[in-house]
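Examining the three-dimensional arrangement
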Amino acid sequence: MRTTILSLSLLLANFAHAAPPEIPDDMGRLLAKKGLLSQIDQVRQSVTHKASDLVVNALGFLGVPYKRGGNSADTGFDCSGFVKAMYEQTVGLILPRKAEQQAAATQQIDQGELRPGDLVFFNTMRRAFSHVGIYIGEGKFIHAPKPGAEVRVESMGLSYWSRRFDGARRVQSSATDVASPAQTIEPKM
């Protein structure tokens, strides 16, 4: 377990210090002229920092027991209660309580676009978006799986999860990728 946490911490540190993508010369000159390069880098660092903090915070809850309707380490977590608590504690965003509401309130992304901190949804009860976890990188996610189990990290590549994968979503504020503190994310109607 400690090896896994150390590996994930190193992965996140590498992710956080990755160079921004190359910008074509004309675009780079335009962005530099407008003073936007530093702003883009600040936004990227802020998003990366929040995602890293979110994943590191979530890993701190490994072993907390599952409890249906639970939303705290004291009482235990169910899947959506865990996600809601992690986003509220770490990022200051208030997500809806149920997994399907969380899916409705977030932006759909392709599985290939997953970044640490994104949400991954699964159909575990013969209905869409019946289970949710937080993507932590390298094809793994952290979640509160089921009664009798504890918060744990699992591979999305396992046949159980890959057969039930229901989509990836990104939590965003209304205008930017960086949400303001204590912002409530509502389902889109």
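Residues numbered from 1 in each chain as written. Predicted model: local features only at pLDDT ≥ 70, side-chain atom pairs only at ≥ 80, totals over all residues. Heavy atoms only, no water.

Remarks on the overall build of the protein chain
A count of helices and strands for the protein chain gives six helices and 10 strands. The burial tally for the protein chain puts 40% of its 189 residues in the buried class. Nonlocal contacts in the protein chain, meaning residues at least 24 apart in sequence, comprise 57% of its contacts between residues at least 6 apart. As displayed, the protein chain has an accessible area near 10,600 Å², and 53% of this comes from carbon and sulfur atoms. (Helix = DSSP H or I, 4+ residues; strand = E, 2+ residues; numbered from the N terminus. Buried < 20%, exposed > 50% of the residue type's maximum accessible area, 1.4 Å probe, protein only. Contact = heavy atoms within 4.5 Å. Areas by Shrake-Rupley, 256 points an atom, 1.4 Å probe, with all protein chains shown as cover.)

Section: the environment of Lys 146
One can find Lys 146 in the loop between β7 (140–143) and β8 (152–155). Look at Lys 146 and you get partly exposed, because its relative accessible area is 48%. Along the backbone, Lys 146 and Arg 68 are 78 residues apart, and their C-alpha atoms lie at a distance of 8.2 Å. Leaving out residues up to four positions away in the same chain, Lys 146 has contacts with Tyr 66 and Arg 152.

Quick word on the environment of Phe 61
By secondary structure assignment, the location of Phe 61 is in the loop between α3 (36–59) and β1 (71–72). Take Phe 61: its relative accessible area is 15%, and that puts it in the buried class. Taking the C-alpha atoms as reference points, Phe 61 and Ala 144, separated by 83 residues in sequence, lie 9.7 Å from one another. If we skip the residues at most four places from it in the chain, Phe 61 touches Ala 73, Phe 77, Phe 82, Met 86, Gln 89 and Val 151.

Description of the side chain of Asp 78
For Asp 78, the position within the fold is in the loop between β2 (76–77) and α4 (79–90). Overall, the relative accessible area of 10% leaves Asp 78 in the buried class. Within the local environment of Asp 78, its side chain forms a polar contact with the backbone nitrogen of Gly 81, the two atoms lying 2.7 Å apart. Look past the residues within four positions of Asp 78 in its chain and what remains in contact with it is Tyr 66, Lys 67, Arg 68, Gly 69, Gly 70, Arg 97 and Ala 144. (Polar contact = N/O pair within 3.5 Å; in protein donor to acceptor, adjacent residues only side chain to side chain.)

Section: the packing of aromatic side chains
For the structure on display, the rule yields eight aromatic pairs. Ring centres of Phe 77 and Phe 82 lie 5.3 Å apart, and the angle between their planes is 75 degrees; on these two criteria the pair is classed as edge-to-face. Here the two residues Phe 77 and Phe 82 agree in accessibility, since each one is buried. Both rings, one in Phe 122 and one in Phe 165, keep their centres 5.9 Å apart while their planes meet at 75 degrees; by these two values the pair is edge-to-face. With Phe 122 in strand β5 (residues 119–122) and Phe 165 in strand β9 (residues 165–170), this residue pair connects regions lying 43 residues apart in the sequence. By the ring-pair criterion, three or more aromatic residues cluster together here, those being Phe 122, Phe 141, Tyr 160, Trp 161 and Phe 165. (Phe/Tyr/Trp six-rings, centres within 6.5 Å; stacked < 30°, edge-to-face > 60°.)

Brief notes about α4
Given a rise of 1.5 Å per residue, 12 residues ought to cover 16 Å, and the 17 Å separating the end C-alpha atoms of α4 matches this to within 8%. Of all 12 residues that make up α4, nine are buried, and the element is covered over most of its length. Those residues of α4 not exposed but buried are Cys 79, Ser 80, Gly 81, Phe 82, Val 83, Lys 84, Ala 85, Met 86 and Tyr 87. Gly 92 occupies a position one or two residues after α4 and carries a positive phi of about 85 degrees. (Expected span 1.5 Å × (residues − 1).)

A word on the side chain of Glu 154
Checked against the element boundaries, Glu 154 lands in strand β8. In terms of polar contacts, Glu 154 uses its side chain to reach the side chain of Arg 152, at 2.9 Å. Only 3.1 Å separates the side chain of Glu 154 from the side chain of Trp 161, close enough to count as a polar contact.

Considering unusual backbone geometry
Most peptide bonds take the trans form, and the phi angle of most residues other than glycine is negative. Phi at Arg 126 is positive, roughly 60 degrees, even though this residue is not glycine. Relative to the assigned elements, Arg 126 resides in the loop between β5 and β6 (131–137).

Thoughts on the sheet that holds β6
Reading across the sheet, the six strands line up as β4-β9-β5-β6-β7-β8 and stay open at both edges, with antiparallel pairing between neighbours. Unpaired on one side and paired on the other, β4 (107–109) and β8 mark the two borders of the sheet. Going from strand to strand, the sheet's axes swing by 40 degrees on average, the running direction of each strand aside. Its contacts with the sheet place α4 against β5, β6 and β7, and it is angled at close to 50 degrees to β6. (Pairing = 2+ DSSP bridges. Axes fitted to C-alpha atoms, helices over the stretch in contact; angles between N-to-C directions.)

Shape descriptors only; they carry no functional weight alone.
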